[in-house]
Amino acid sequence: MKRVVITGAGTINALGREVPATLEAMREGRCGIGPLEFRDVERLSIRIGGQVKGYDPVTAFNRQQLALYDRFTQFALIAARQAIEQSGLEFSNGLADGSGVVLGTSGGGLTTQDENYRSVYEEGKNRVHPFVVPKLMNNAAASHVSMEFNLRGPSFTVATACASSNHAMGLAYQMVRSGGCPVMVTGGTESMLCFGGVKAWEGLRVMSRDACRPFSANRNGMVQGEGAGVYVFEEYEHARARGAEILAEVAGFAMTSDAADIVMPSKQGAARAIAGALRDAGIDRSEVGYINAHGTGTAANDKTECAAVADVMGSQADRLLISSTKSMHGHCIGGTGAVELLACLMALREGVIAPTINYEEPDPECALDVVPNEARQADVSVVLSNAFAFGGLNAVLALRRI
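About the thresholds
- Residues numbered from 1 in each chain as written.
- Predicted model: local features only at pLDDT ≥ 70, side-chain atom pairs only at ≥ 80, totals over all residues.
- Heavy atoms only, no water.
- Helix = DSSP H or I, 4+ residues; strand = E, 2+ residues; numbered from the N terminus.
- Buried < 20%, exposed > 50% of the residue type's maximum accessible area, 1.4 Å probe, protein only.
- Contact = heavy atoms within 4.5 Å.
- Areas by Shrake-Rupley, 256 points an atom, 1.4 Å probe, with all protein chains shown as cover.
- Lys, Arg positive; Asp, Glu negative; His and termini not counted.
- Charge placed at Lys NZ, Arg CZ, Asp CG, Glu CD.
- Core = buried A, V, L, I, M, F, W, Y, C linked by side-chain atoms within 4.5 Å.
- Salt bridge = Lys/Arg side-chain N within 4 Å of Asp/Glu carboxyl O.
- Expected span 1.5 Å × (residues − 1).
- Phe/Tyr/Trp six-rings, centres within 6.5 Å; stacked < 30°, edge-to-face > 60°.
- Axes fitted to C-alpha atoms, helices over the stretch in contact; angles between N-to-C directions.
- Parallel < 35°, antiparallel > 145°, perpendicular 65-115°, else oblique.
- Left-handed = near helix turned anticlockwise from the far one by under 90°.
- Nonpolar A, V, L, I, M, F, W, Y, C, P; charged D, E, K, R; others polar.
- Patch = residues over 30% accessible without salt bridge, like charges linked within 9 Å, V, L, I, M, F, W, Y side chains within 5 Å.

**Quick look at the overall build of the protein**
Looking only at helices and strands, the protein has 14 helices and 14 strands in total. In terms of overall dimensions, the protein has a C-alpha envelope of 65 × 55 × 40 Å along the principal axes. For the protein, with 402 residues in total, the buried portion stands at 62%. Summarising the internal contacts of the protein: among those between residues at least 6 apart in sequence, 78% fall at separations of at least 24. When the accessible surface of the protein is summed, it comes to about 15000 Å², and 50% of that surface belongs to carbon and sulfur atoms. Across the protein, the mean location of the 36 positive side-chain charges is 3 Å away from that of the 43 negative side-chain charges.

This is how it looks when you write it as structure tokens:
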């Protein structure tokens, strides 16, 4: 089996338009959640989110491109450009033939759907743009990334709700590790912050009206965000031969299904995924210094996740650091694991643990060190990134400093 490393990273999210700005915000414990700004927001009861404010797509794309690119595709391309530029790779000949794209998303082109449903049903128009289908399809972002960078190998999209990007990155890891692909561009992207997207989530009654407070006893729900995180996963010897800067090693991955309930999480399913990632990486639980939690700010998720971590980590749970950066950038749904992986890279490379902000009251059922409110210095060499989705779908990545 091949070793797999990360040689490029890119992002756009509510905390920043690139990786350095995002990591600076995480170090400072800055909140990117605020009032939502889009059409008909006054008709919503939930009016906050981790929105990318002041974003003007014409600064990154021309008019012909924007006719084809939903907001979620735009975010993926912006993040991919950053990641591939950092990697220093150019895809041609055999490298192009063997390299591909795996991205996660849940809603796909939901903004395009929302705009066109309004056009047809509310405004009574009888036609929509001929590019609506290629603009809204879930694989649009992966396809456009493959086209822009000449990635002619396996390219596809994974849609597993809130675990989409962790599943995508895990599959990319397995493809490189198996020797099937020397390089994979991977991560996730999402933009569900539109009237229809938020209105649908309101119906679940799991949304907070004021703040995301993971693990705090007074939490009152999740807050949606948007954005993308994209990475270059590369075979270790290939990266070393060309003198690439290596950000971290992807050491293990596991995915499980609760097979229990469509919305309520299972401690057993989450625990099996955490334990499976450690087993796949050949890592003892005592080596893990930090876990980036799924940490949505809902009682069901927070308590279940903490119980699963405690079960797997045993006596090591008392010395473990765990935090949820969703408190800062919101829950980016299908793109969330990819944005959150940046906190894992920061922990490994800088020894800075991103905080769980808005933490106000200890919860005895979440009695772990959740790094409340302020970032912390810690020397960690192994980290985990958790993602647990509706449908009982769990995906956990293990990363190692190299």
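Read on for the rest.
**Regarding the nonpolar core**
The biggest cluster of nonpolar side chains holds 66 residues, and the ones touching the most others in it are I6, Y231, F233 and L399. With 9 residues, the top contributor of residues to this core is helix 14 (residues 336-350). One finds A76, L103, V145 and V232 within the second-largest nonpolar core, a separate group that totals 32 residues.

**Some thoughts on the pattern of salt bridges**
A full pass over the atoms with the stated rule returns 28 salt bridges. Between R39 and E122 there is a salt bridge, with its nearest N and O atoms 3.8 Å apart. In this pair, R39 sits in the loop between strand 2 (34-35) and strand 3 (48-49) while E122 sits in helix 5 (residues 110-122), placing the two residues 83 residues apart along the sequence. Of the charged contacts, one joins E340 and K326 as a salt bridge, the two residues approaching to 2.7 Å between their closest N and O atoms. Separated by 14 residues along the polypeptide, E340 in helix 14 and K326 in helix 13 (residues 326-329) bring together distant segments of the chain. The buried category is assigned to E340, whose relative accessible area is 1%.

**Observations regarding helix 8 (residues 164-177)**
Between its first and last C-alpha, helix 8 extends 20 Å over 14 residues, near the 20 Å set by a 1.5 Å rise per residue. The element helix 8 is extensively covered by neighbouring structure, given that 12 of its 14 residues are classed as buried. Among the residues of helix 8, S164, S165, N166, H167, A168, M169, G170, A172, Y173, M175, V176 and R177 are the ones counted as buried. Of the residues one or two after helix 8, G179 is the one with positive phi, at around 90 degrees.

**Observations concerning the packing of aromatic side chains**
In this structure the tally under the stated criterion is 4 aromatic pairs. Arranged with centres 5.8 Å apart and planes meeting at 25 degrees, the rings of Y117 and Y121 form a pair that is stacked. In this pair, Y117 and Y121 are both assigned in helix 5, 4 residues apart and thus about one turn of the helix distant. Since its relative accessible area comes to 67%, Y121 is described here as exposed.

**Comments concerning helix 1 (residues 19-28)**
Those residues of helix 1 that sit buried are V19, A21, T22, L23, A25 and M26. Contacts made by the buried residues of helix 1 are with strand 1 (4-13), helix 3 (71-87), helix 13 and helix 14.

**Side note on unusual backbone geometry**
In most cases, non-glycine residues show a negative phi, while peptide bonds are predominantly trans. Even without being glycine, R205 reaches a positive phi, approximately 60 degrees. Relative to the assigned elements, R205 resides in the loop between helix 9 (195-202) and strand 7 (227-235). For R205, a relative accessible area of 80% gives the class exposed. If you check the backbone angles, I333 has positive phi at about 50 degrees while not being a glycine.

**Points about the packing of helix 3 against helix 7 (residues 140-149)**
It is at 9 Å that the axes of helix 3 and helix 7 come closest, and there the two elements cross at 40 degrees. The angle between helix 3 and helix 7 falls in the class oblique. For the pair helix 3 and helix 7, the crossing hand works out as right-handed. Here helix 3 contributes F72, T73, A76, L77, A80, R81 and I84 to the contact with helix 7, which in turn contributes A140, A141, H144, V145, E148 and F149. Partitioning the contact of helix 3 with helix 7 into residue classes produces 9 nonpolar, 2 polar and 2 charged.

**Brief notes about the environment of V132**
Of note, V132 is situated in helix 6 (residues 132-136). Owing to a relative accessible area of 11%, V132 belongs among the buried residues under this scheme. For the pair V132 and P372, spaced 240 residues apart in the sequence, the C-alpha separation amounts to 44 Å. Leaving out residues up to four positions away in the same chain, V132 has contacts with T112 and N116.

**Here we look at a nonpolar patch on the surface**
Taken together, L204, I262, V263, M264 and F390 make up a surface patch of nonpolar side chains, about 450 Å² in accessible area. Here F390 is to be found in the loop between strand 13 (382-389) and strand 14 (393-400). On the basis of relative accessible area, F390 is assigned to the partly exposed category, the value being 32%.

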